[in-house]
Amino acid sequence: MLAPCPIATFYGLLTWLNTERRLFKSLPETSVFAIGAGGAYTWIDSVLDLVVVVRWISPHAAETYFSKILNCLN
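Here is a short report on the structure shown in this document. (Residues numbered from 1 in each chain as written. Predicted model: local features only at pLDDT ≥ 70, side-chain atom pairs only at ≥ 80, totals over all residues. Heavy atoms only, no water.)

### Let's talk about the packing of aromatic side chains
Within a pair of aromatic rings, the relevant descriptors are the distance that separates the centres and the angle that separates the planes. By the definition in use, this model includes 10 aromatic pairs. Plain terms: the ring middles of Phe 24 and Tyr 41 are 6.4 Å apart, the flat faces sit at 55° to each other, and that makes the pair tilted. Remark: Tyr 41 occurs in strand β3 (residues 40-45) and Phe 24 occurs in the loop between β1 (16-17) and β2 (32-36); sequence separation between them is 17 residues. No difference in accessibility class separates Phe 24 from Tyr 41, as the two residues are buried. Considering the side-chain rings of Phe 33 and Phe 66, the 5.5 Å spacing of their centres and the 45° angle between planes classify their relative orientation as tilted. Of the two residues, Phe 33 is situated in strand β2 and Phe 66 in helix α1 (residues 59-73); the sequence distance between them amounts to 33 residues. A single burial state applies to Phe 33 and to Phe 66, both of which are buried. (Phe/Tyr/Trp six-rings, centres within 6.5 Å; stacked < 30°, edge-to-face > 60°. Helix = DSSP H or I, 4+ residues; strand = E, 2+ residues; numbered from the N terminus. Buried < 20%, exposed > 50% of the residue type's maximum accessible area, 1.4 Å probe, protein only.)

Have a look at this one:
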């Protein structure tokens, strides 16, 4: 799940990796995402001991929303 795909280093086994903060610049590189239809996101970060599940969020608002959660943890 966390190993990068040989074709796309930002993609694991059914997960999006935040390698080089390519997916979400404001989130740690240790973040991993499952992204589905209807604005469904599952954010997993084992270093932060964090799992966040969000549905029906606009893709344009996702990073802002996740950044606010991260800021609350600090």
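### Here we look at the sheet that holds β2
A sheet is described by the order of its strands in space; here 4 strands give the open sequence β1-β2-β3-β4, paired in antiparallel fashion. Here the strands that pair on one side only, and so sit at the sheet edges, are β1 and β4 (50-54). One ladder, built from 5 bridges, connects β3 with β4; its direction is antiparallel. Each residue of the ladder has a partner; that of Thr 42, found in β4, is Val 53. (Pairing = 2+ DSSP bridges.)

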